[in-house]
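What the coordinates show
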Amino acid sequence: MPSRVPSLRMLRSFFTDGSLDSLGTSEDARSKRHSTSDLSDVPFSAVRKEGWLHCKQILTKKGKAEDREDMLAWIKVIRENSKAEGEDPGFASQALINKKLNDYRKVSPAGTKPDSSPKGPRGLGIRAEFLKQTGTSAPRSPRQDATVTKDESSSQKAPWGINIMKKNKKSAPRAFGVRLEECQPAPDNKNVPLIVEACCKVVEDRGLEYMGIYRVPGNNAVVSSLQEQLNKGATEINLQDERWQDLNVISSLLKSFFRKLPEPLFTDDKYNDFIEANRIEDASERMRTLRKLIRDLPGHYYETLKFLVGHLKTIADHSEKNKMEPRNLALVFGPTLVRTSEDNMTDMVTHMPDRYKIVETLIQHSDWFFSDKEDKGEKVSPVPSG
């Protein structure tokens, strides 16, 4: 830098008290050689060669910038000279730049904004625009630094927290009142809901010889409590919970699940086909038609029906103890499984015998209805008598 460039201390005196006394006679002498109009387009190279404060005095009329661009240009020079002298640039941005801003505001027309041209984003102040151009920021107190650090830490953690919330929401759907394919799946069969597998397991482990299983209702308050818990998105079921120790509660919970399905297990579009198939007089034809309709059910519905009927068959095999033969089980599950989503009183009355009979037939011949021999190319067992 040229030796006649004023020190930052002299510069501070100029901007803080508004006088030129501290600048020395040499600078005053040079300022008389020019006028403002003569140096209206002085480049930065000339500033460094002639002395930046000398040119500044001419161009800014003793510290008052003529327009926005002029002011920004000189703030940039102030910044560069501060860095060149090894001074702390923070003082320049806080004291010198503030002085320039104040002077600029004083000469701006009253009642108007300093600049409305689209040279920067609307609402971006002159100070902010300069700091953006130079890549620096004003000095901050330790408290401000701590606040910024905390905010940056929070902003970095926010996406992580949002992702976790979305993941939990996706992996833990509701259990009641949703379609089968939207239910939390069982670990061993992805097409069977977790709640169905859990209830059937509890009953088979402790209730095969329990008299009246599925016919005796459980406590409504406890059943509702379990439903609310499972609907909150539980990914695992704690079978050690005391509420899971009451067999009547668990059997009622399973029936409630199928009763609340928005799409019944036999599906709306095949309901009438099942009713008509059950009324076929020829027993062999009736069995084959029912089997075909079952095989045509969507994957989740076929697998869940297969799992449930297999469970009911196990219960019926212990009917000597529990008194729940296939017909008794059909009386309980028929109206719940074989129905439409908008069941009306007429269908309930006229189709009730068909609903019982369809479920009873499935339990009695579950091995034949759900055999996979046909899928493997093996010979299918003879049609049982219906």
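See the structure above.
Residues numbered from 1 in each chain as written. Predicted model: local features only at pLDDT ≥ 70, side-chain atom pairs only at ≥ 80, totals over all residues. Heavy atoms only, no water.

Observations regarding the overall build of the chain
- The helix and strand inventory of the chain stands at 19 helices and zero strands.
- The proportion of buried residues among the 386 residues of the chain is 41%.
- In the chain, of all internal contacts separated by at least 6 residues, the share reaching a separation of at least 24 is 69%. (Helix = DSSP H or I, 4+ residues; strand = E, 2+ residues; numbered from the N terminus. Buried < 20%, exposed > 50% of the residue type's maximum accessible area, 1.4 Å probe, protein only. Contact = heavy atoms within 4.5 Å.)

Side note on the packing of helix 9 (residues 194–206) against helix 14 (residues 299–316)
- At their nearest, the axes of helix 9 and helix 14 sit 11 Å apart, and the two run at 10 degrees to each other. Regarding the angle of helix 9 to helix 14, the classification is roughly parallel. Between helix 9 and helix 14, the residues in contact are Val196, Glu197, Cys200, Val203 and Glu204 and Phe307, His311, Thr314 and Ile315, respectively.
- Among the residues making up the contact of helix 9 with helix 14, the classes are represented as five nonpolar, two polar and two charged. (Axes fitted to C-alpha atoms, helices over the stretch in contact; angles between N-to-C directions. Parallel < 35°, antiparallel > 145°, perpendicular 65-115°, else oblique. Nonpolar A, V, L, I, M, F, W, Y, C, P; charged D, E, K, R; others polar.)

Points about the packing of aromatic side chains
- Evaluation of the coordinates by the stated rule reveals six aromatic pairs.
- With centroids separated by 5.2 Å and ring planes inclined at 80 degrees, the aromatic side chains of Phe257 and Phe258 adopt a geometry described as edge-to-face.
- Classification of Phe258 as buried rests on a relative accessible area of 1%.
- Aromatic side chains Trp368 and Phe369 sit 5.1 Å apart centroid to centroid with 75 degrees between the ring planes, which places their arrangement in the edge-to-face category. Like Phe369, Trp368 is buried.
- Taken together, the ring pairs in this structure connect Phe176, Phe257 and Phe258 into an aromatic cluster.
- The ring of Trp368 carries the charged tip of Arg291 above its face, separated from the ring centre by 5.3 Å. (Phe/Tyr/Trp six-rings, centres within 6.5 Å; stacked < 30°, edge-to-face > 60°. Lys NZ or Arg CZ within 6 Å of the ring centre and 35° of its normal.)

Quick notes on the state of the cysteines
- Tallied over the entire structure, the rule returns zero disulfides.
- Counting only cysteine sulfurs, Cys199 is the nearest neighbor of Cys200, a cysteine outside any disulfide, at a range of 6.9 Å.
- Take Cys200: its relative accessible area is 1%, and that puts it in the buried class. (Disulfide = S-S within 2.5 Å.)

A few points about the side chain of Ser252
- Following the sequence through the fold, Ser252 ends up in helix 11 (residues 247–259).
- If we ignore the near neighbours within four places in the chain, the residues touching Ser252 are Val216, Pro217, Gly218 and Val223.

Structural notes on the nonpolar core
- Membership of the largest hydrophobic core comes to 61 residues, with the highest contact counts inside it found for Tyr214 and Trp244.
- Setting aside residues up to four positions removed in sequence, Tyr214 forms contacts with Val203, Ser251, Leu254, Lys255, His311, Leu312, Ile315, Leu329, Val332 and Phe333. (Core = buried A, V, L, I, M, F, W, Y, C linked by side-chain atoms within 4.5 Å.)

So, the environment of Pro326
- Considering the arrangement of structural elements, one finds Pro326 in helix 16 (residues 326–337).
- In this structure the C-alpha to C-alpha distance between Pro326 and Gln364, which are 38 residues apart in sequence, comes to 6.6 Å.
- Contact partners of Pro326, with chain neighbours within four places excluded, come to Ala316, Glu360, Ile363 and Gln364.

In short, geometric facts, not functional conclusions.
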